[in-house]
Amino acid sequence: MSGNTPERPRPRRRSSTVLPLPVLHTKYEDHRKQFTDEERKLWNELMEKSGSDVASIQTSIARHMATTLARTPYNVDDFAGYLATAFSVRDQLIKRWNETQEYHTAHDPKRVYYLSMEFLIGRSLDNALLALGLKDKYNQGVKELGFNMEDLIDEEKDAALGNGGLGRLAACYMDSLATLDYPAWGYGIRYNYGMFQQKIVDGFQTEVPDYWLNFGNPWELPRLDISVEVRFYGYVDKNYDSQGKTKYTWEGGQMVEAVAYDVPIPGYDTKNCINIRLWSSKPKKTFDLESFNEGNYDKSVGEQKSAENITSVLYPNDNHMVGKELRLKQEYFFVCATLHDIIRRFKKTKRPWREFPEQVAIQLNDTHPTLGIPELQRVLIDEEGLEWDEAWDIVTRTYAFTNHTVLPEAMEKWSVPMLEHVLPRHMMIIYDINLFFLQSVEQSKPGDRDLLSRISIIEESTPQDVRMAHLAIVGSHRVNGVAALHSDLIQKTIFKDFVDFYPGKFENKTNGVTPRRWLHQCNPVLSDLITKKLGDSHWTTKLTDLAKLKQFADDKAFQKEWMDIKKANKARLAKHIEERCGVKVNPEAMFDVQVKRIHEYKRQYMNILSVIYRYSSLKAMSKAEREKQVPRVIIFGGKAAPGYYVAKLVIKLINSVADVVNADQEIGDLLKIVFIPDYNVSIAEVIIPASDISQHISTAGTEASGTSNMKFVLNGGLILGTVDGANVEINEEIGDENIFTFGVLAHEVDDLRHAMRYRNMPMDPKLQKVLDIIYSGVFGDPNVFAPLLYSLQNGGDVYLVSVDFPKYLEAQAKVDEAYKDKEGWAKKSIMCTAGMAKFSSDRAIKEYAESIWNIKPCRLP
Ligand SMILES: *Cc1c(COP(=O)(O)O)cnc(C)c1O
């Protein structure tokens, strides 16, 4: 579908108003066919025909194999089988998608638009089959055609258009929006290269580009007829209209075209099928014809190249801002195309502008789409001719903003000179937004200059910076954190001044995960057991029903069934580990998992230090003593940002320790360490159901929520964690006896950091012992690890590893003790799953819908 499409002739705008609005051309809208009743009937009959019985499914797979893929039965492999099956499922999705859109257009409900630079969707085939209720029929259908469904599912490449938790949250929320029948759209970027693939070479992470589109993507629909022109650079012209009013127009610069690609998201057990619209960049002109004719081929192709660069690659930094101009262009490209699409849809209804916030809710997933605020203001005042105040009222009633972090290095700031260069008109508007805002602050608290400089959208640094979080707060009617502790913390620290000024604007929306993917799909056997036990419950869409499992927690037969499934899941993971890492692990051992982005605040370093401690303790034991110990497999996984040197060293340390320990005959199965490369959604679906215990051990106050903690507990895995993020609320729900918590509390962190930095705190002797072992060289040249070792000394221990270490070891010992009691552990595991109702993304989405978006379900008959 890609390639060079010649420019289409575009309709001329009737009036020569101030500025050519980025023109949207949807071909079919202007030239709709007026079918006769008979013709329409024929169409409807034919469209209904493609049934969903096994025979029709097989026909459709075979047709796609023969025509879409142009394969004969002599030329078919599992990948072709996957593609043909996926295209056949896609046909079903598109039907629902069309019905949903038609229904929404007819009923015109208020819609929510979820703007996210990342959607970490993972695979779609299994998910779609389960949502459509067609898994069994497709299983039978492909089996008779000589395929095994599991193998086909395994052929799919992940859609990895996200870094980690934030992108996965957006994907879970789309699943819930669809399932709960909300009229919703996701908007994002179609990166040509998603999250890089991680390879481990000699213990180090190396990055390989993610060629996810190279073999085609059956889950997207190119909408080459839907495009928006996006401007960059240029200048602002000042004019006067007929009444003598000042008019600004943004002109010149570079024009890039945004083309829509639609990804249908089916609701589970409902007809509702919503859409994620991803924008891809294309040069406005395929060729500079003049330049081409002059023989200047390089230059004309060069322009095309530079435009395509905008959506080429996902920035691989999680919770870390990188102030690159290309990233700024991605952000504006995304919001500009999205807003024009939203506005086009709104304008079709011919409502007055003041009704915009009654028809449209826009959620900003972190500050990345915050330029949407000045962009909407610009469209309203420069292009639609509204007065500033009228426009600003519409803007602020439309937007809401989710904050995802308090880490200072993650806070988005853009330098004023760069913004001025790339988006000159937006910079002017931001200055005005800030001026009016600061005037109102001054009015309510006269004379407080410190307050003005703290709260200002512009930071008075050299050069000046635009604080995107401040802009997002000022331009939104609601601001939320993502777990109770985090929402409380932002109101007491980074946004304190705003809370005083905007009482009622801040609230909490604790994150959730979709139980469809993160229990029903990834743990099918446990899912069947739960369904069997709960009778006619629809727990997949009504997770509160899980609480009914509590009555069986002491039932010995049920405990056995429950733990047998855990063991089978561990065996499945063990097979994976052997294939991927060449390490044999014993499914009878405790599986202890830490999989997430590698980051200092998440403290994988503390984990591997404790593993070294465990190893040295085991080595010091007598054989008799050793035999009493609980065998453990310690599983790590996660990507480090390519430029994050210290995080990459942690990966190297884990692999170096693993090499030594795994080869130690004396230790054998008592301790095994594996680093599973290329952690992503599809491998998470194998790892999570297999965990006995997982670690969520961030320094208190640094992990906003965490969502993998929820996935693990939902699958009957216990948590070893700090009092941080959503761990706190998980603890409240499942009870103290079913979670292992330790460590300093969020409110103690500042003082402790201060003490670490300015006082000579003695090193914990057990930690010192571990450091000495690394220095001794058993894990290779200690100089390699010098920056890591150094970070714990001389005031460098920002994440308080040395403070929490002793308590961490104590908690680890409690885990070992608890695991020895098999029945006690089984009960805890059941109580974990049974207590997770709150953490469904359905609950979270209902809360957003009711208290922020003010939208209602719009259910297809
Ligand atoms: C859920 C998930 C995350 C988030 O994990 P945290 O432990 O909450 O940081 C990251 N990556 C993938 C692939 C996930 O599925």
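The chain goes by Alpha-1,4 glucan phosphorylase in an unreviewed UniProt entry, where it is assigned to Basidiobolus ranarum. The UniProt entry for the chain carries the following text under Sequence similarities (unreviewed entry): "Belongs to the glycogen phosphorylase family." You can read under Function (unreviewed entry) in the UniProt record for the chain the words "Allosteric enzyme that catalyzes the rate-limiting step in glycogen catabolism, the phosphorolytic cleavage of glycogen to produce glucose-1-phosphate, and plays a central role in maintaining cellular and organismal glucose homeostasis."

### Topic: the site of the ligand
Around the ligand, the structure places 13 residues, and the nearest of them are Lys596, Lys602, Thr707, Ser708 and Lys711. In this structure, Lys596 approaches the ligand through a side-chain N or O atom, which is 2.8 Å from an oxygen atom. Here an oxygen atom of the ligand and a backbone polar atom of Thr707 are 2.8 Å apart. Against a free-state accessible area of 390 Å², the protein chains account for coverage of 95% of the ligand. When atoms are counted within 2 Å of each cavity's grid points, the one that captures over half of the ligand is the largest cavity. Looking at the shell around the ligand, the elements that each hand over two or more residues are α8 (165-179) and α28 (708-714). When its residues are assigned to classes, the shell around the ligand shows 3 nonpolar, 6 polar and 4 charged.

### Looking at the packing of helix α4 (residues 78-107) against helix α5 (residues 125-132)
As a packed pair, α4 and α5 sit with axes 10 Å apart at the nearest point and diverge in direction by 45°. It follows from the interaxial angle that α4 and α5 lie oblique. The hand of the α4/α5 crossing is left-handed. For the pair α4 and α5, the contacting residues are Tyr82, Thr85, Ala86, Val89, Gln92, Leu93 and Arg96 in the first and Leu125, Ala128, Leu129 and Leu132 in the second.

### Some thoughts on the pattern of salt bridges
Under the criterion given, the structure shown has 58 salt bridges. In this structure, Arg123 and Asp154 form a salt bridge, with 3.1 Å as the shortest nitrogen-oxygen distance. Within this pair, whereas Arg123 is found in the loop between β2 (119-122) and α5, its partner Asp154 is found in helix α7 (residues 149-154), the two being separated by 31 residues in sequence. Overall, Arg123 belongs to the buried group, its relative accessible area being 16%. When the shortest N-O distance is used, the salt bridge between Glu459 and Arg467 registers 3.1 Å. A relative accessible area of 19% places Glu459 in the buried class.

### So, the packing of aromatic side chains
A full pass over the atoms with the stated rule returns 28 aromatic pairs. When the ring of Phe437 is compared with that of Phe498, the centres are 6.0 Å apart and the planes differ by 10°; the resulting orientation is stacked. Note that Phe437 is positioned in helix α16 (residues 424-444) and Phe498 in helix α20 (residues 496-501), a separation of 61 residues in sequence. Note on accessibility: Phe437 and Phe498 belong to one class, buried. Aromatic ring contacts, followed pair by pair, group Phe437, Phe495, Phe498, Phe501, Tyr502 and Phe506 into a single cluster. The ring of Tyr502 carries Lys505 above its face, with NZ or CZ at 3.5 Å from the centroid. One Lys or Arg, Lys711, reaches over the ring of Trp518 and ends 4.3 Å from the middle of that ring.

### Focus on helix α24 (residues 604-620)
The terminal C-alpha atoms of α24 lie 25 Å apart, and with 17 residues this matches the ideal 24 Å at 1.5 Å per residue to within 8%. Most of α24 is tucked away: 14 of the 17 residues are buried.

### Here's the deal with a nonpolar patch on the surface
A cluster of nonpolar side chains, contributed by Tyr193, Tyr211 and Val313, occupies part of the molecular surface with about 250 Å² of accessible area. Relative to the helices and strands, Tyr211 resides in the loop between β6 (204-208) and β7 (221-232). Residue Tyr211 is classed as partly exposed on the basis of its relative accessible area, which comes to 40%.

### Examining the nonpolar core
As a rule of thumb, nonpolar side chains are buried together in soluble globular proteins. Among the nonpolar cores identified, the biggest contains 230 residues, and Trp279, Leu549, Tyr605, Leu609 and Trp853 are the most heavily contacted of them. Excluding residues within four positions of it along the chain, Tyr605 makes contact with Val650, Leu653, Leu771, Leu788, Leu789, Ser791 and Leu792. Within the second largest apolar cluster, 24 residues are counted, among which are Phe87, Val89, Phe147 and Met149.

### So, helix α3 (residues 54-68)
Quick reminder: α-helices carry 3.6 residues per turn. Residues three or four places apart thus point the same way. End to end, α3 covers 20 Å across 15 residues, agreeing with the expected 21 Å (1.5 Å per residue, within 8%). Along α3, the residues that are buried comprise Val54, Ile57, Gln58, Ser60, Ile61, His64 and Met65. An end-on view of α3 places all buried positions within 165° of arc, on one side of the element. For α3, the exposed residues lying more than 90 degrees away from the buried face are Thr59 and Thr67. Contact partners of the buried residues in α3: α4 and α6 (135-144). With its phi angle positive at about 55°, Ala70 sits one or two positions after the end of α3.

### Some details on the sheet that holds strand β14 (residues 413-415)
A sheet is described by the order of its strands in space; here 3 strands give the open sequence β14-β16-β15, paired in antiparallel fashion. Of all strands in the sheet, those with a lone pairing partner are β14 and β15 (458-459), marking the two edges. Bridge analysis of β15 against strand β16 (residues 465-467) gives 2 bridges, and the strand direction is antiparallel. Looking at β16, one finds that Ile458 is bridged to Val466.

### Remarks on the sheet that holds strand β19 (residues 590-595)
Here 6 strands make up an open sheet; going across it, the order is β21-β20-β19-β22-β23-β24 and the pairing parallel. Each end of this open sheet is capped by a strand with a single partner; those strands are β21 (671-676) and β24 (740-742). Between one strand and the next, the sheet's axes are offset by a mean angle of 15°, whatever the strand orientation. Across the sheet, helix α23 (residues 556-581) lies against β19, β20 (632-637) and β21, angled at about 70° from β21, the strand it touches most. Sheet strands in contact with helix α33 (residues 801-820) are β19, β20, β22 (693-696), β23 (718-722) and β24, and its direction is about 165° off that of β24.

### A look at the pairing of β6
Pairing between strand β5 (residues 197-201) and β6: 5 bridges, direction antiparallel. Paired with Gln198 across the strands is Glu207, a residue of β6. Between β5 and β6, which pair antiparallel in sequence order, lie 2 residues; one of them, Asp202, sits at a positive phi of approximately 55°.

### A word on empty space enclosed by the protein
Enumeration according to the criterion identifies 7 cavities of 30 Å³ or more in this entry. Empty space within the largest cavity amounts to approximately 850 Å³. Looking at the lining of the largest cavity, the elements that each hand over two or more residues are α8, α11 (325-347), α27 (681-687) and α28. Residues of the lining of the largest cavity, tallied by class, amount to 18 nonpolar, 18 polar and 13 charged. Considered as a void within the structure, the second largest cavity measures approximately 180 Å³ in volume. If you trace the second largest cavity, you find 17 residues lining it, with Ile121, Ser124, Asn127, Ile265 and Arg517 closest to the centre. At the level of elements, α5, α8 and β10 (254-266) are the ones that each hand at least two residues to the lining of the second largest cavity. Across the lining of the second largest cavity, the residue classes tally to 11 nonpolar, 3 polar and 3 charged.

### Some words on the environment of Ser656
Position of Ser656 relative to the elements: it lies in helix α26 (residues 645-662). Considered as a pair, Ser656 and Asp202 are 454 residues apart in the sequence and their alpha carbons are 9.0 Å apart. Each residue touching Ser656, except ones within four places of it in the same chain, is listed here: Phe779 and Phe785.

The rules behind each value
- Residues numbered from 1 in each chain as written.
- Predicted model: local features only at pLDDT ≥ 70, side-chain atom pairs only at ≥ 80, totals over all residues.
- Heavy atoms only, no water.
- UniProt positions renumbered as here; feature names shortened; annotations may be inferred.
- Near = heavy atom within 4 Å.
- Polar contact = N/O pair within 3.5 Å; in protein donor to acceptor, adjacent residues only side chain to side chain.
- Areas by Shrake-Rupley, 256 points an atom, 1.4 Å probe, with all protein chains shown as cover.
- 1 Å grid on protein atoms, 1.4 Å probe; cavity = no way out; pocket = protein on both sides within 12 Å on 5 of 7 lines; lining within 4 Å.
- Sits in = over half its atoms within 2 Å of the grid points.
- Helix = DSSP H or I, 4+ residues; strand = E, 2+ residues; numbered from the N terminus.
- Nonpolar A, V, L, I, M, F, W, Y, C, P; charged D, E, K, R; others polar.
- Axes fitted to C-alpha atoms, helices over the stretch in contact; angles between N-to-C directions.
- Parallel < 35°, antiparallel > 145°, perpendicular 65-115°, else oblique.
- Left-handed = near helix turned anticlockwise from the far one by under 90°.
- Contact = heavy atoms within 4.5 Å.
- Salt bridge = Lys/Arg side-chain N within 4 Å of Asp/Glu carboxyl O.
- Buried < 20%, exposed > 50% of the residue type's maximum accessible area, 1.4 Å probe, protein only.
- Phe/Tyr/Trp six-rings, centres within 6.5 Å; stacked < 30°, edge-to-face > 60°.
- Lys NZ or Arg CZ within 6 Å of the ring centre and 35° of its normal.
- Expected span 1.5 Å × (residues − 1).
- Patch = residues over 30% accessible without salt bridge, like charges linked within 9 Å, V, L, I, M, F, W, Y side chains within 5 Å.
- Core = buried A, V, L, I, M, F, W, Y, C linked by side-chain atoms within 4.5 Å.
- Arc of directions from axis to C-beta.
- Pairing = 2+ DSSP bridges.
- Points joined across faces, edges and corners; volume = space filled by probe spheres on them.

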